[in-house]
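This is what each chain is made of:
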Amino acid sequence: MRKKKIIIWLLSILVLILLLFFIFRKSFISQIALGDFHPREPKNEIEETYNLGWWSNQETMKVDTFTVKIIESKLNLFNSFSLIRYTVQGELKDKSNWKPYVSKVHISQRFVRKYNRKLYPYLDRDTISAPEAIIEITPIIEEKENKRYKGEKIPFKFTNELKIASYHWGDNKVRIQCCDFHKDIMLQQRK
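The sections below set out a description of the structure shown in this document. (Residues numbered from 1 in each chain as written. Predicted model: local features only at pLDDT ≥ 70, side-chain atom pairs only at ≥ 80, totals over all residues. Heavy atoms only, no water.)

**Side note on the side chain of glutamine 189**
Checked against the element boundaries, glutamine 189 lands in strand S8 (residues 181-189). One polar contact links the side chain of glutamine 189 to the main-chain carbonyl oxygen of asparagine 79, over a distance of 3.1 Å. Within the structure, glutamine 189 has its side chain in polar contact with the side chain of serine 166 (distance 2.5 Å). For glutamine 189, the contacting residues outside a window of four places in its chain are Leu75, Asn76, Asn79, Ser80, Ser166, His168, Trp169, Gly170 and Asn172. (Helix = DSSP H or I, 4+ residues; strand = E, 2+ residues; numbered from the N terminus. Polar contact = N/O pair within 3.5 Å; in protein donor to acceptor, adjacent residues only side chain to side chain. Contact = heavy atoms within 4.5 Å.)

**Considering the nonpolar core**
Counting 28 residues, the largest nonpolar core has Tyr86, Ile137 and Ile176 as the members making the most contacts within it. Of all the secondary-structure elements, those providing two or more residues to this core are strand S2 (61-72), strand S3 (81-92), strand S4 (98-111), strand S5 (133-145), strand S6 (154-165), strand S7 (170-178) and S8. Excluding residues within four positions of it along the chain, isoleucine 176 makes contact with Phe66, Val68, Ile84, Ile135, Ile137, Phe181, His182, Lys183 and Ile185. (Core = buried A, V, L, I, M, F, W, Y, C linked by side-chain atoms within 4.5 Å. Buried < 20%, exposed > 50% of the residue type's maximum accessible area, 1.4 Å probe, protein only.)

**Quick look at the pattern of salt bridges**
Using the criterion set out here, one finds nine salt bridges in the structure. Notably, a salt bridge pairs arginine 110 with glutamate 136, separated by 2.9 Å at the nearest N-O pair. Note that arginine 110 is positioned in strand S4 and glutamate 136 in strand S5, a separation of 26 residues in sequence. Given a relative accessible area of 28%, arginine 110 falls into the partly exposed group. (Salt bridge = Lys/Arg side-chain N within 4 Å of Asp/Glu carboxyl O.)

**Considering the sheet that holds S8**
Taken in spatial order, the five strands line up as S1-S4-S5-S7-S8 in an open sheet, and their pairing is mixed. Looking at which strands have only one partner, the edges of the open sheet turn out to be strand S1 (48-49) and S8. Both S7 and S8 contribute to a ladder of nine bridges, which runs antiparallel. The residue bridging aspartate 171 from the neighbouring strand is glutamine 188, located in S8. (Pairing = 2+ DSSP bridges.)

**Quick word on the sheet that holds S2**
Taking strand neighbours across the sheet as the criterion, the three strands line up as S2-S3-S6 in an open arrangement whose pairing is antiparallel. Strand pairing shows two members of the sheet lacking a second neighbour, S2 and S6, which therefore form its edges. Between one strand axis and the next, the sheet turns through 15° on average, direction left out of account. Sheet topology note: the S3/S6 ladder contains 12 bridges and is antiparallel. In the strand pairing of S6, leucine 92 is matched with isoleucine 154. (Axes fitted to C-alpha atoms, helices over the stretch in contact; angles between N-to-C directions.)

Given below as structure tokens:
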């Protein structure tokens, strides 16, 4: 009788484990069997865009600070993505009755093949580790009619995250810039 109870309990536990495995099989497979090395999806306060649009009010913006931080960078044979967080802070000021605001953030990514003072005047020739890629972050300013707005300065601050890919094995030098500010980071892709 006691053996029967033990066997029934063991079978019940085994069925429960199999049921849980079946329910959460995608999570188990990705994390245990294959190794889930990719960073989580980015969280954004302001919507990002990669398309050019109507940018008629960029002159109303003044960026005061720009910070960049690497959040996750577990680069290896199975993962070439890192997660960074950037914060842009500044102020907006426009004419009366038209209140400016940050509507979106434009992201542009490109490679820098070789140093050329005319093409890249903002790169420092004396910098030993010149960037091989540049990510430009541009807040897009729009305005809406507001009778109570009288042209005063409006502070703004937002923090977004961006998933970026390394582009070759070894050291990946990336410059992230916003207006006159920039931050150089190094992503090390290893096997």
